[in-house]
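What follows is each chain in one-letter form.
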Amino acid sequence: MRHHFGVTILSIVLLSTPSVLHAQARSQVQGFGGFTFGDTAAASTFGGNIGFELTDNILIVGEAGRLSDVKPSLLDSILDFTPVDLRVSAWYGEAGVRFSASGSAVRPYAEATAGFARLHTGFSGIPGDVIDGALGFLDRTEPLLGVGGGVIVQGGPLVLDLGYRYKKILADNSFQSLLNSGDDFDVSQVRVGVGVRF
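**Q** Run through the pattern of salt bridges, naming residues and quoting values.
**A** Per the counting criterion, the structure on display carries twelve salt bridges. As a salt-bridge pair, E53 and R197 come within 2.0 Å of each other at their nearest N and O atoms. With E53 in strand β2 (residues 43-53) and R197 in strand β8 (residues 185-197), the pair connects residues that are 144 residues apart, well separated along the chain. Two residues, D161 and R98, come together in a salt bridge whose shortest N-O distance is 4.0 Å. Here D161, found in strand β7 (residues 158-169), pairs with R98, found in strand β4 (residues 85-100); they are 63 residues apart in sequence, far enough to count as distant.

Structure below.
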């Protein structure tokens with residue numbers, strides 16, 4: 001009896017292997033670059049993401065990247081008239097769900113994500129090294145929420161992603177938030193990604 005049970009389990013595993021391989025064929029890896037605008041300084045952003053399809057219309061996504069400068073745009077404009085530069089950068093990681101149209105080479109999508117951002121304040125100018133070193137002790141990891149959308153254009157295994165993201169770094173109790181009148185950081189991002197679907 002126990003032998004038959006083992007053979008049955010082994011048969012189920014072997015028969016389900018093609019469906020597991022099929023699920024792996026619905027994955028994608030992508031790198032992206034772009035810039036931030038709006039309430040934050042206009043600055044570069046880059047990163048990468050990976051996605052796994054649950055269904056033809058639902059994708060689980062994970063992403064990591066860097067926002068080069070998220071300080072308020074007003075402060076950025078004021079600092080343009082001084083010999084110093086102050087930056088609030090963030091490395092981040094997040095995961096979430098993407099909903100997209102299916103069955104076409106051009107697919108619009110929308111997504112929602114959550115994760116964490118590591119905020120770092122950098123300073124250059126006179127005496128930049130001392131201040132920059134001291135500010136490193138004030139780095140904070142804060143929660144991050146995101147929503148976005150865009151269009152995927154696919155040709156064979158290659159994928160082009162034209163998208164917009166809105167990210168909110170919940171940092172109202174951090175040192176960095178003092179630069180933003182004690183508020184969270186609201187980051188608008190446009191970007192272009194290139195990837196492979198397999």
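Moving on from the model shown.
**Q** Lay out the packing of aromatic side chains with the relevant residues and their values.
**A** Taken as a whole and judged by the stated rule, the model has three aromatic pairs. Each ring, one from F37 and one from Y164, has its centre 6.4 Å from the other, and the planes form 55 degrees; the classification is tilted. Here F37 is found in strand β1 (residues 27-37), whereas its partner Y164 is found in strand β7, with 127 residues between them in sequence. Relative accessible area serves as the criterion here: at 32%, Y164 is assigned to the partly exposed category. Arranged with centres 5.9 Å apart and planes meeting at 85 degrees, the rings of F46 and W91 form a pair that is edge-to-face. Of this pair, F46 sits in strand β2 while W91 sits in strand β4, placing them 45 residues apart in sequence. Relative accessible area serves as the criterion here: at 39%, F46 is assigned to the partly exposed category. On the basis of relative accessibility, which here comes to 49%, the residue W91 falls in the partly exposed class. Through successive ring pairs, a cluster of aromatic residues spans F35, F37 and Y164. Its end group placed over the ring of Y109, R98 keeps NZ or CZ at 4.2 Å from the ring centre.

**Q** Tell me about the nonpolar core, and name the residues and values.
**A** Counting 13 residues, the largest nonpolar core has L67, V70, A90, Y92, L119, I169 and F185 as the members making the most contacts within it. Only β4, β5 (106-124) and β8 provide two or more residues apiece to this core. When residues in this core are grouped by element, the largest group, three residues, is from β4. Excluding residues within four positions of it along the chain, I169 makes contact with L67, A90, A117, L119, E142, P143, L144, D184 and F185.

**Q** Which residues make up the confidence of the model for the chain, and what values do they have?
**A** When pLDDT is averaged across the chain, the result is 82; 77% of the residues are at 70 or more. Long-range and interchain partners of residues 1-25, a stretch whose pLDDT sits below 50, account for two contacts in this model, where long-range means more than four residues apart.

Cut-offs and rules
- Residues numbered from 1 in each chain as written.
- Predicted model: local features only at pLDDT ≥ 70, side-chain atom pairs only at ≥ 80, totals over all residues.
- Heavy atoms only, no water.
- Salt bridge = Lys/Arg side-chain N within 4 Å of Asp/Glu carboxyl O.
- Helix = DSSP H or I, 4+ residues; strand = E, 2+ residues; numbered from the N terminus.
- Phe/Tyr/Trp six-rings, centres within 6.5 Å; stacked < 30°, edge-to-face > 60°.
- Buried < 20%, exposed > 50% of the residue type's maximum accessible area, 1.4 Å probe, protein only.
- Lys NZ or Arg CZ within 6 Å of the ring centre and 35° of its normal.
- Core = buried A, V, L, I, M, F, W, Y, C linked by side-chain atoms within 4.5 Å.
- Contact = heavy atoms within 4.5 Å.
- pLDDT = per-residue confidence, 0-100.

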